[in-house]
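Listed below are the residues making up each chain.
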Amino acid sequence: MIHPALLRLIGALAFAALRKFGQICRKPTGLIFVVFILGCFGFGVAPSILIAFHPDQSEMASSVRRLQPVLPIMLSLVFFGLILTDSGRGMLELRPPELQFILAGPFTSTQILSYRLITVALALLPLFCVGSVVLRPHVARWDACLVGVVLTFATMIMLAFHYTLIKPRLTSGMIACFRWGIITSTFVLMLESVFVFRQHLSNFEFDQFVQAIAATWSGRILGAPFYPFVQTAIASDTLKLLQYASISCGILGLTTCSCYLFSSGFAELAVEGVARRQQRLESLRRGSSGMAKSGRERKARFSLPALPYMSGLGPVAWLSLTSAWRRTGKLLIGLTIASLMASLGLSVYVTVFPEVIPNVVRLFVSWGAFGVAAYVGVLVAMGTSGGLTAPPRTLTWYYLLPISPYAIAIGATAGSTATLFAVQCVLQIPAIALTTQPWFDAVSILLLGLVFALILSSVISFVSVTTGIRPMPQGTPDVFQGARVLVFMMLVGLALVPPLLFAFGTAATTAALFGVRQAAFAIGGAVGAAIWLPAIWWYSGLQFRQRELQIAE
């Protein structure tokens, strides 16, 4: 199934990773890094271990166990996300050194696919073990949870691989029908969930609501493929574990066999992935961020109007905004249109049926929308590389312009700030249409969203230029890259603590001086957080000049 030379390559890569880890531990900075990783791991896993051995374990873990009826549906939605984002293509890609070795040898597509599956399994198995430990308090047996987690995500990855392998054999119409089928089924599930929510609104109980969603037609159909996997993870006795684990293994085995049947074009897909990555890097070096279909770089048909020079701030901000527009502009336009339509529909709905949504919910819905938008904004900011978080060699063009470091730091955050503020607008516009509070209060919360977008994008650039860590490392995913991403997220969280604490203090002071109103909280918090921006921009610009451009050389 796999060539001995590929097994030796896997062993060499594992030995190289361990040797690199040993070299890191020998340095003081590397040792601090390892201790920090172990501390983060301990803080993440320790609560689950304490709950697992606590005498009141059933009461402390009951909140998560109440979601068990809808877990198969949630897994199906996660799988739909993998298909719509074409994540299997990225997981099947090989690094250029691996590809050169593999293409130079007498290996078949089946052997290359086996090599890739083994490397992915070795990289993700430790993460699955950690996930099973985290879920231990919410299941009856740890061994059942480990088997269920491994089988579930292994099947998801194999299904994503399978879609990537058969996609070249499908016509564009078939692919479009498949994607629209996924979107339609998700929409039907949402409609049925809203209908169930309205039925249980008068006498709402969470357990009955969750079970009612799982009992809907769309919930049964979407949850059926992953039902055996969830039952494997929550099995309490050995017989039930063996029964559902055998069914899950059968599904995984059929999917794996089907992948091998369609593996004839895997080598071509790997070559195409490396070529696409190299072309993306070349595009970034030229200042462009858009890649077209079929591997060809598209020409920009739209360009933002030129901004005033403003000591170099205008050109840097223009480039950052243009890159953000070419990357997410069309998506944000579509989401904004959908948000406006949802706002209109909610306005009519609450006018016709004012008693359906409680007044307390309508009063604080803007804050809920702000919290959801902030969470989504963090995910978006961690998944993109723009401004000062771009690869160092793509930032060397700053040598050619007489721009001050302060202007570089401010202008480079313009694109990510605009994207994050657009996310805030998309989620808060329907909340403004739904809320019962005055318009001034609702718009004040939107202003707080703008300041949060500025703070988040500036702090991400600050952490990136001071530590040299990027939010999304390039290359094949492995345990070390996951650790670096975790460290980056932890550092961003720590850097956000002072501005957020100061914002809470100023918000409370403003409310005490001008009255306890939502507008006072929002404006006071926005002012308190914005006070930190000049210092963050100044230090980020200095560090960028001293560190990033030296690395680029």
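Structural data are supplied above this passage.
Residues numbered from 1 in each chain as written. Predicted model: local features only at pLDDT ≥ 70, side-chain atom pairs only at ≥ 80, totals over all residues. Heavy atoms only, no water.

1. Re the overall build of the chain
Argument step 1. Each helix and strand in the chain was counted, giving 24 helices and zero strands.
Argument step 2. Among the 553 residues that make up the chain, the fraction classed as buried is 41%.
Argument step 3. Here the contacts in the chain between residues at least 6 apart in sequence split such that 77% fall between residues at least 24 apart.
Argument step 4. Of the roughly 29,200 Å² that the chain leaves accessible, carbon and sulfur atoms contribute 73%. (Helix = DSSP H or I, 4+ residues; strand = E, 2+ residues; numbered from the N terminus. Buried < 20%, exposed > 50% of the residue type's maximum accessible area, 1.4 Å probe, protein only. Contact = heavy atoms within 4.5 Å. Areas by Shrake-Rupley, 256 points an atom, 1.4 Å probe, with all protein chains shown as cover.)

2. Focus: the pattern of salt bridges
Argument step 1. Applying the stated criterion to the full structure yields two salt bridges.
Argument step 2. For aspartate 143, the salt bridge goes to arginine 141, with nearest N and O atoms at 2.8 Å. (Salt bridge = Lys/Arg side-chain N within 4 Å of Asp/Glu carboxyl O.)

3. Thoughts on the nonpolar core
Argument step 1. Counting 39 residues, the largest nonpolar core has Ile157, Met158, Phe161, Ile213, Phe226 and Cys259 as its most contacted members.
Argument step 2. Breaking this core down by element, the ones donating at least two residues are α5 (71-84), α8 (109-134), α9 (142-166), α10 (172-199), α11 (206-215), α13 (227-233) and α14 (238-261).
Argument step 3. Ranked by residue count, the leading element in this core is α9, at 10 residues.
Argument step 4. Setting aside anything within four residues of it in sequence, one finds isoleucine 157 in contact with Met91, Leu124 and Phe128. (Core = buried A, V, L, I, M, F, W, Y, C linked by side-chain atoms within 4.5 Å.)

4. Quick notes on the packing of aromatic side chains
Argument step 1. Here the structure, examined in full by the defined rule, presents 10 aromatic pairs.
Argument step 2. Plain terms: the ring middles of phenylalanine 462 and tyrosine 539 are 5.7 Å apart, the flat faces sit at 50° to each other, and that makes the pair tilted. Here tyrosine 539 lies in helix α24 (residues 533-552) and phenylalanine 462 lies in helix α21 (residues 439-467), a separation of 77 residues in the sequence.
Argument step 3. An aromatic cluster of three or more residues is present, and its members are Phe79, Phe80, Phe226 and Phe229.
Argument step 4. Sitting above the plane of the tryptophan 217 ring, arginine 220 keeps its charged end 5.7 Å from the centroid. (Phe/Tyr/Trp six-rings, centres within 6.5 Å; stacked < 30°, edge-to-face > 60°. Lys NZ or Arg CZ within 6 Å of the ring centre and 35° of its normal.)

5. Some thoughts on the side chain of serine 343
Argument step 1. Note on placement: serine 343 falls in helix α16 (residues 313-352).
Argument step 2. Engagement of the side chain of serine 343 in a polar contact is seen with the backbone oxygen of serine 339, the distance being 2.7 Å.
Argument step 3. In contact with serine 343, other than residues within four places in its own chain, are Ile429, Pro430 and Ala433. (Polar contact = N/O pair within 3.5 Å; in protein donor to acceptor, adjacent residues only side chain to side chain.)

6. Some remarks on a nonpolar patch on the surface
Argument step 1. On the surface, a nonpolar cluster with roughly 390 Å² of combined accessible area is contributed by Trp325, Ile333, Ile337 and Met341.
Argument step 2. With respect to the helices, strands and loops of the structure, isoleucine 337 is situated in helix α16.
Argument step 3. The class for isoleucine 337 is partly exposed, based on a relative accessible area of 47%. (Patch = residues over 30% accessible without salt bridge, like charges linked within 9 Å, V, L, I, M, F, W, Y side chains within 5 Å.)

7. Brief notes about helix α18 (residues 365-382)
Argument step 1. In a regular helix each residue adds 1.5 Å, so 18 residues correspond to 26 Å; α18 covers 26 Å between its end C-alpha atoms and thus fits that length.
Argument step 2. Along α18, the residues that are buried comprise Val365, Ser366, Ala369, Phe370, Ala373, Ala374, Gly377, Ala381 and Met382. (Expected span 1.5 Å × (residues − 1).)

8. As for the packing of α5 against α9
Argument step 1. Contact geometry for α5 and α9: axes closest at 10 Å, N-to-C directions at 30°. Regarding the angle of α5 to α9, the classification is roughly parallel. You can see that α5 and α9 cross each other, and the crossing is right-handed. Residues Leu75, Val78, Phe79, Leu82 and Ile83 of α5 lie in contact with α9, whose contacting residues are Thr152, Met156, Leu159, Ala160 and Tyr163.
Argument step 2. The residue makeup of the contact of α5 with α9, split by class, is nine nonpolar, one polar and no charged. (Axes fitted to C-alpha atoms, helices over the stretch in contact; angles between N-to-C directions. Parallel < 35°, antiparallel > 145°, perpendicular 65-115°, else oblique. Left-handed = near helix turned anticlockwise from the far one by under 90°. Nonpolar A, V, L, I, M, F, W, Y, C, P; charged D, E, K, R; others polar.)

9. Regarding α14
Argument step 1. Here α14 is 24 residues long and its end C-alpha atoms lie 34 Å apart, about the 34 Å a rise of 1.5 Å per residue gives.
Argument step 2. Taking the backbone nitrogen of leucine 239 as reference, a side-chain oxygen 3.4 Å away marks aspartate 237 as the first, capping residue of α14.

10. Observations concerning the packing of α5 against α10
Argument step 1. Between α5 and α10, the least distance of the axes is 11 Å, while the angle of their chain directions is 150°. The orientation of α5 relative to α10 falls into the category roughly antiparallel. In the crossing of α5 with α10, the sense of the turn from one axis to the other is left-handed. Residues Ile73, Leu77, Phe80, Ile83 and Leu84 of α5 form the contact with α10, whose own contacting residues are Phe178, Arg179, Ile182, Ile183, Ser185, Thr186 and Leu189.

11. Things to note about the side chain of serine 540
Argument step 1. Looking at the secondary structure, you find serine 540 in helix α24.
Argument step 2. Sequence-distant contacts of serine 540, that is, excluding residues within four places in its chain, are made with Ala409, Ser458, Phe462 and Val465.

12. Focus: the environment of glycine 253
Argument step 1. When you line up the elements, glycine 253 lands in helix α14.
Argument step 2. Along the backbone, glycine 253 and threonine 155 are 98 residues apart, and their C-alpha atoms lie at a distance of 8.8 Å.

13. Details of the environment of glycine 468
Argument step 1. Among the secondary structure elements, glycine 468 is positioned in the loop between α21 and α22 (479-514).
Argument step 2. Through-space distance from the C-alpha of glycine 468 to that of threonine 389 is 8.8 Å; in sequence the pair is 79 residues apart.

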